[in-house]
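Architecture and fold: a report
What follows is each chain in one-letter form.
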Amino acid sequence: MDLSSHGSPVTIIETIASQLACSPEDKKVASYLDEQDELKHFRECFHIPKVKDLPQTDPVLVNDNEDCIYFAGNSLGLQSKKTKIYLEEELDKWAKIGVHGHFIGKRPWALADECIVELMADIVGARKEEIALMNGLTVNLHLLMLSFFKPTSDRYKILLEAKAFPSDHYAVESQLQLHGLDKEKSMLMIEPRKGEETLRTEDILAVIEKEGDSIATILFSGVQYYTGQLFDIPRITKAGQEKGCFVGFDLAHAVGNIELHLHEWGVDFACWCSYKYLNSGAGGLAGAYIHEKHSQTVKPALIGWWGHEFKTRFLMENKLQLSPGIDGFRLSNPPILLVCALHASLEIFGKTTMKLLRRKSILLTGYLEYLIKHYYSEDRNDPEKPFVKIITPSHTEERGCQLTVAFSIPIKSVFKELEKRGVACDLREPNALRFAPVPLYNSFHDVHRFIEILGSAITSAK
Ligand SMILES: *Cc1c(COP(=O)(O)O)cnc(C)c1O
């Protein structure tokens with residue numbers, strides 16, 4: 001069967017099962033899907049933790065030499081095997097030639113970020129002049145908000161999700177404070193309808209239509225960290241801009257997860273971290289984007305020497321020649337060790353495309369959803385099956401790779417039982433576990449093994 005055909009995951013899984021003359025939950029289906037997976041070799045590029053090395057595993061329940069089931073790439077991506085090599089290259093260079101490393105070698109330190117900016121631009125669908133690699137995500141969010149939130153007496157609101165990630169929420173609150181604005185009046189937060197977990201696009205668009213004239217800036221996530229909902233970035237962007245708002249996105253959970261076309265969609269600004277799906281290691285170098293259309297008009301509020309044009313930067317004349325667009329927002333010289341770790345991962349992305357990764361991702365997550373639904377019920381009153389509810393939207397175009405799952409039994413004990421059995425996932429208060437099968441290094445076998453483990457974890461957790 002040609003897996004590149006555009007059938008739904010359910011159709012593909014059931015067709016394969018019938019061809020193999022087995023039931024869809026049979027392990028043979030996982031084996032077949034792995035065999036057909038053209039991206040499966042990328043798993044070899046990463047260090048997959050062994051169950052025996054994880055702190056919470058119970059040696060009685062796991063097989064020592066087994067790989068753990070790593071479904072936590074939405075929190076911290078795995079380490080590429082090249083990371084250490086690239087770090088050592090630069091450490092050696094530093095040891096051998098000291099300050100001369102700034103302009104010599106594979107990654108001249110003074111230009112290190114620029115060596116990998118093109119790889120990054122491909123992943124977010126932007127031109128390389130629209131992207132900078134700098135700072136951490138929250139820092140970049142603040143720097144961008146300083147230029148894209150310019151409240152006036154008529155336009156003084158920021159529109160965001162009610163349950164935005166804490167850092168984004170606080171960033172917005174403090175930006176409002178900086179302008180002396182009252183958050184009760186200026187912080188406009190959209191909540192899901194009563195009894196619903198995720199936001200409807202029509203409701204987001206309706207708020208923009210109704211309140212747009214008083215909204216200065218719309219700040220949404222691309223993929224919601226808790227629910228895993230993928231927002232309709234192009235439609236939100238268009239609707240906001242038609243009302244005269246700037247529209248920006250925090251892409252922490254979207255980058256490296258879904259296909260992005262920031263330039264084509266006309267998104268005004270965006271930022272993201274790189275340690276989740278981009279595997280750059282904790283505290284890795286973050287990204288920021290400003291659309292080309294603003295390159296001459298939107299200026300940074302805070303300036304450092306790295307925003308000065310490269311050509312004359314080192315003349316030290318203290319007469320600012322500001323680089324256009326996002327480059328002018330750079331403050332400090334790039335952190336070479338962080339660049340190395342990001343380089344090692346982006347290079348792997350460079351060997352494939354987000355389109356192919358996304359295609360596998362839809363099937364991989366669809367397979368997980370299929371098996372969860374096969375064994376568990378969303379109906380609390382079904383006496384036959386334990387209650388497990390997937391909060392993440394079921395339409396593939398409304399989600400990335402993550403499924404957020406609520407349980408009728410206490411999640412803390414399910415989580416603990418999963419950990420004992422070598423599953424790395426994460427628990428998010430108030431009541432969900434998040435599972436992220438990542439197409440770059442997770443296999444269909446991982447999903448199948450996970451489902452078996454989940455069964456025994458639920459039985460023990462009761
Ligand atoms: C992960 C994440 C952050 C983390 O911010 P840092 O500045 O990298 O610590 C912020 N916002 C969102 C939406 C996230 O998912």
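Just so you know, these numbers come straight off a predicted model, no measurement behind them. (Residues numbered from 1 in each chain as written. Predicted model: local features only at pLDDT ≥ 70, side-chain atom pairs only at ≥ 80, totals over all residues. Heavy atoms only, no water.)

Describing helix α12 (residues 336–349)
Owing to its 3.6 residues per turn, the α-helix brings residues three or four apart onto one side. Taking 1.5 Å as the rise per residue, α12 with 14 residues should run 20 Å; its terminal C-alpha atoms sit 20 Å apart, in good agreement. At H343, α12 shows its strongest bend, of approximately 25°. Counting buried residues in α12 gives 11 out of 14 residues, a clear majority hidden from the surface. Burial in α12 covers these residues: I336, V339, C340, A341, L342, H343, A344, S345, L346, I348 and F349. Summarising the contacts, the buried residues of α12 are in contact with α3 (82–97), α4 (112–124), β2 (131–133) and α13 (354–375). (Helix = DSSP H or I, 4+ residues; strand = E, 2+ residues; numbered from the N terminus. Expected span 1.5 Å × (residues − 1). Bend = angle between axes of the 7 residues up to and from the residue. Buried < 20%, exposed > 50% of the residue type's maximum accessible area, 1.4 Å probe, protein only. Contact = heavy atoms within 4.5 Å.)

Quick word on the pattern of salt bridges
According to the stated counting rule, one finds 33 salt bridges in the structure shown. Among the ionic pairs, K128 bridges to E129, the shortest N-O distance being 3.6 Å. When the shortest N-O distance is used, the salt bridge between R193 and E202 registers 3.5 Å. Among the charged side chains, a salt-bridge network with shared partners connects E89, E90, K93, K106 and R107. (Salt bridge = Lys/Arg side-chain N within 4 Å of Asp/Glu carboxyl O.)

Comments concerning the sheet that holds strand β12 (residues 426–428)
Ordered by their spatial adjacency, four strands build an open sheet running β9-β10-β13-β12, and the pairing between neighbours is antiparallel. Each of the sheet's edge strands pairs with one partner strand only, and the pair in question is β9 (388–390) and β12. Each strand axis lies, on average, 35° off the axis of its neighbour in the sheet, ignoring direction. Here β9 pairs with strand β10 (residues 403–407) via three bridges, running antiparallel. The partner of I390 across the bridge, within β10, is V405. Its contacts with the sheet place helix α14 (residues 411–420) against β10, β12 and β13 (432–435), and it is angled at close to 35° to β13. (Pairing = 2+ DSSP bridges. Axes fitted to C-alpha atoms, helices over the stretch in contact; angles between N-to-C directions.)

Here we look at the side chain of H253
The topology assignment puts H253 in the loop between β6 (246–250) and α10 (262–265). Those residues in contact with H253, other than ones at most four positions away along the chain, are N74, V223, Y225, K276, Y277, Q402 and R434.

Some details on the packing of α4 against α12
Running from N to C, α4 and α12 point in directions that differ by 35°, and their axes come no closer than 10 Å. Remark: the crossing between α4 and α12 carries left-handed chirality. Contact residues: α4 offers A112, D113, I116, L119, M120 and I123, while α12 offers I336, V339, L342, H343, L346, E347 and F349. Here the residues of the contact of α4 with α12 sort into 10 nonpolar, one polar and two charged. (Left-handed = near helix turned anticlockwise from the far one by under 90°. Nonpolar A, V, L, I, M, F, W, Y, C, P; charged D, E, K, R; others polar.)

Digging into a nonpolar patch on the surface
Residues F103, W305, F310, F314 and M316 make up a contiguous nonpolar surface patch of about 520 Å² in total accessible area. Mapped onto the secondary structure, W305 falls in the loop between β8 (287–290) and α11 (310–313). (Patch = residues over 30% accessible without salt bridge, like charges linked within 9 Å, V, L, I, M, F, W, Y side chains within 5 Å. Areas by Shrake-Rupley, 256 points an atom, 1.4 Å probe, with all protein chains shown as cover.)

Regarding the nonpolar core
Counting residues in hydrophobic clusters, the biggest one holds 69 residues, and the most contacted among them are M120, F220 and W272. Once residues lying within four places of it in the same chain are set aside, the contact partners of F220 are L159, L160, E161, I190, L199, I204, F231, I236, G248, F249 and D250. Counting 43 residues, the second-largest nonpolar core is a separate cluster that includes C22, I390, F450 and I453. (Core = buried A, V, L, I, M, F, W, Y, C linked by side-chain atoms within 4.5 Å.)

A word on the site of the ligand
If you check the shell around the ligand, you find L137, T138, F165, D168, D250, A252, H253, Y275 and K276 and nothing else. Measuring from an oxygen atom of the ligand, one finds a side-chain N or O atom of T138 at 2.6 Å. Separating a nitrogen atom of the ligand from a side-chain N or O atom of D168 is a distance of 2.6 Å. Contact with the protein chains covers 82% of the free accessible surface of the ligand, which is 390 Å². Of the residues contributing to the shell around the ligand, the split by class is four nonpolar, two polar and three charged. (Near = heavy atom within 4 Å. Polar contact = N/O pair within 3.5 Å; in protein donor to acceptor, adjacent residues only side chain to side chain.)

Description of the state of the cysteines
Taken as a whole, this structure holds zero disulfides when the rule is applied. There is no disulfide at C425, and the cysteine sulfur nearest it, in C68, is 10 Å away. (Disulfide = S-S within 2.5 Å.)

Structural notes on the packing of α13 against helix α15 (residues 444–461)
Two numbers describe how α13 lies on α15: the axes approach to 10 Å, and their chain directions differ by 15°. Taken as axis vectors, α13 and α15 run roughly parallel relative to one another. In terms of crossing hand, the pair formed by α13 and α15 is right-handed. Across the interface between the two elements, K360, L363, L364, Y367, L368, L371, I372 and Y375 of α13 pack against F444, V447, H448, F450 and I451 of α15. Classifying every residue of the contact of α13 with α15 by side-chain character gives 11 nonpolar, one polar and one charged. (Parallel < 35°, antiparallel > 145°, perpendicular 65-115°, else oblique.)

A closer look at the pairing of strand β3 (residues 157–161)
Counting buried positions over the five residues of β3 gives five, a clear majority of the element. Of the strand pairs in this sheet, β3 and strand β5 (residues 215–221) are connected by three bridges, and their pairing is parallel. Paired with I158 across the two strands is T217, which belongs to β5. Strand direction decides the pairing type here: β3 and strand β4 (residues 187–190), joined by four bridges, are parallel. Paired with E161 across the bridge in β4 is I190.

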